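# Reading the structure
These are the residues of each chain, in order.
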Amino acid sequence: MLRKTLGNRSKTLATLAVGVVVGGAVAGGGFAVADTKAPRSDRQITNMTDEVNDIKAYYGDTVDAQGEHWASPTGNYAKQVAGIEKDAKQYLQARAHHDKGRKKAIVLDVDDTSLSTYNYELETTFVYNPVSNAQYIATKTMPAVFGMNTLATWAEQQGYTVFFVTGRPEAQRTYTAANLAAVGFPTADASHLYLKNKENPPAYLPCGKTCTTVEYKSGTRAHIESLGYQIVANFGDQYSDLSGGHSGKTYKIPNPMYYLP
């Protein structure tokens, strides 16, 4: 049930009915939407209430006194992320010893790779709006995706430079950097945090103002490589975070809440 919303994100509840999706599940969670033929019957569509309840169960939904939703550190989402991080740490550790003397880096997406938007998604019933999203980012501190702050800090201690490449707009730089710092990520200053600047795109992106997500993110990684870094690993919750090359091993963080082409 792919739905387009305001702003620069096209979102979906990623666990879709088999009758709607042609292509089936892909590695790391989510589905590849290869065909958008209209369903012939309501039985081909997963009930939205059931879908949301499944997402809550997967995240181990808890609600605090203020009515805000939090994922549980003992839920299945946290367990799946921990398994991915364990594999990544082993790989990065091996590469750190193998590539001594080289400028090594890792790249992390922000939303639902580094910071969890789970509470925002529940507040908005998974309907993205740029105004409500900007207000949320400006006034609230999103928690770290379980263990990603620890992994990034550990990687920095092993000699990796940590870069963040996000589709958030340039106007949200201050809030984004402050949130990352508040939950324990390495420094996300202007040299390490890349945001999308549609009004004044950098010269290293030949697609300019018309960049797709893949073009923007892969082009930014190419720029990081041009600075002399070898990107050993790239982490993202969307396949558009990971496509386009200019990185070593890629790690898909699970996200059943929305899909970004």
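Details of the structure are given in the entry above.
Below is a summary of the structure that appears in this document. (Residues numbered from 1 in each chain as written. Predicted model: local features only at pLDDT ≥ 70, side-chain atom pairs only at ≥ 80, totals over all residues. Heavy atoms only, no water.)

## Side note on the overall build of the chain
When helices and strands are counted, the chain shows eight helices and nine strands. Evaluated residue by residue, the chain yields a buried proportion of 46% over its 261 residues. Residue pairs at least 24 apart in sequence account for 68% of intrachain contacts in the chain once pairs closer than 6 positions are excluded. Here the chain has roughly 12,400 Å² of accessible surface; of this, 54% comes from carbon and sulfur atoms. (Helix = DSSP H or I, 4+ residues; strand = E, 2+ residues; numbered from the N terminus. Buried < 20%, exposed > 50% of the residue type's maximum accessible area, 1.4 Å probe, protein only. Contact = heavy atoms within 4.5 Å. Areas by Shrake-Rupley, 256 points an atom, 1.4 Å probe, with all protein chains shown as cover.)

## Topic: the sheet that holds strand S7 (residues 193–196)
In a beta sheet, neighbouring strands pair by backbone hydrogen bonds and run either parallel or antiparallel. Taken together, the five strands give an open sheet; going across it, the order is S7-S6-S5-S8-S9, and neighbouring strands pair in parallel fashion. Of all the strands in the sheet, the pair left with one neighbour each is S7 and strand S9 (249–252). Across the sheet, the mean angle from the axis of one strand to that of its neighbour is 20°, orientation sign disregarded. Docked against the sheet, helix H5 (residues 148–157) engages strand S5 (104–108), strand S6 (161–169) and strand S8 (230–236), running at close to 165° with respect to S5. Along the sheet, helix H6 (residues 173–182) contacts S6 and S7; its crossing angle with S7, the most-contacted strand, is approximately 140°. (Pairing = 2+ DSSP bridges. Axes fitted to C-alpha atoms, helices over the stretch in contact; angles between N-to-C directions.)

## Observations concerning the packing of helix H2 (residues 76–98) against H5
Interhelical geometry of H2 versus H5 gives an angle of 5° and a closest axis separation of 11 Å. On the basis of their axis angle, the class for H2 and H5 is roughly parallel. Seen from H2, the contacting residues are Glu85, Ala88, Lys89, Leu92 and Gln93; seen from H5, they are Met148, Leu151, Trp154 and Ala155. Looking at side-chain class alone, the contact of H2 with H5 contains six nonpolar, one polar and two charged residues. (Parallel < 35°, antiparallel > 145°, perpendicular 65-115°, else oblique. Nonpolar A, V, L, I, M, F, W, Y, C, P; charged D, E, K, R; others polar.)

## Quick look at the pairing of S8
Counting buried positions along S8 gives seven out of seven residues, so the element sits mostly inside the fold. As paired strands, S5 and S8 are joined by five bridges and run parallel to one another. The partner of Val107 across the bridge, within S8, is Asn234.

## Quick notes on empty space enclosed by the protein
Under the definition given, this model contains two cavities of 30 Å³ or more. By volume, the second largest cavity amounts to about 40 Å³. Val107, Leu108, Asp109, Val165, Lys217, Arg221, Asn234, Phe235 and Asp241 are the residues that line the second largest cavity. The residue inventory of the lining of the second largest cavity, partitioned by class, reads four nonpolar, one polar and four charged. (1 Å grid on protein atoms, 1.4 Å probe; cavity = no way out; pocket = protein on both sides within 12 Å on 5 of 7 lines; lining within 4 Å. Points joined across faces, edges and corners; volume = space filled by probe spheres on them.)

## Some points on unusual backbone geometry
Notably, Phe126 is not glycine yet its phi reads approximately 65°, a positive angle. Position of Phe126 relative to the elements: it lies in the loop between helix H3 (118–123) and helix H4 (130–139). Among the residues examined, Phe126 registers a relative accessible area of 2% and is labelled buried. Despite not being glycine, His246 shows a phi value in the positive range, around 60°. You can see His246 is positioned in the loop between helix H8 (239–242) and S9. Taking relative accessible area as the criterion, His246 reaches 36% and is therefore assigned partly exposed.

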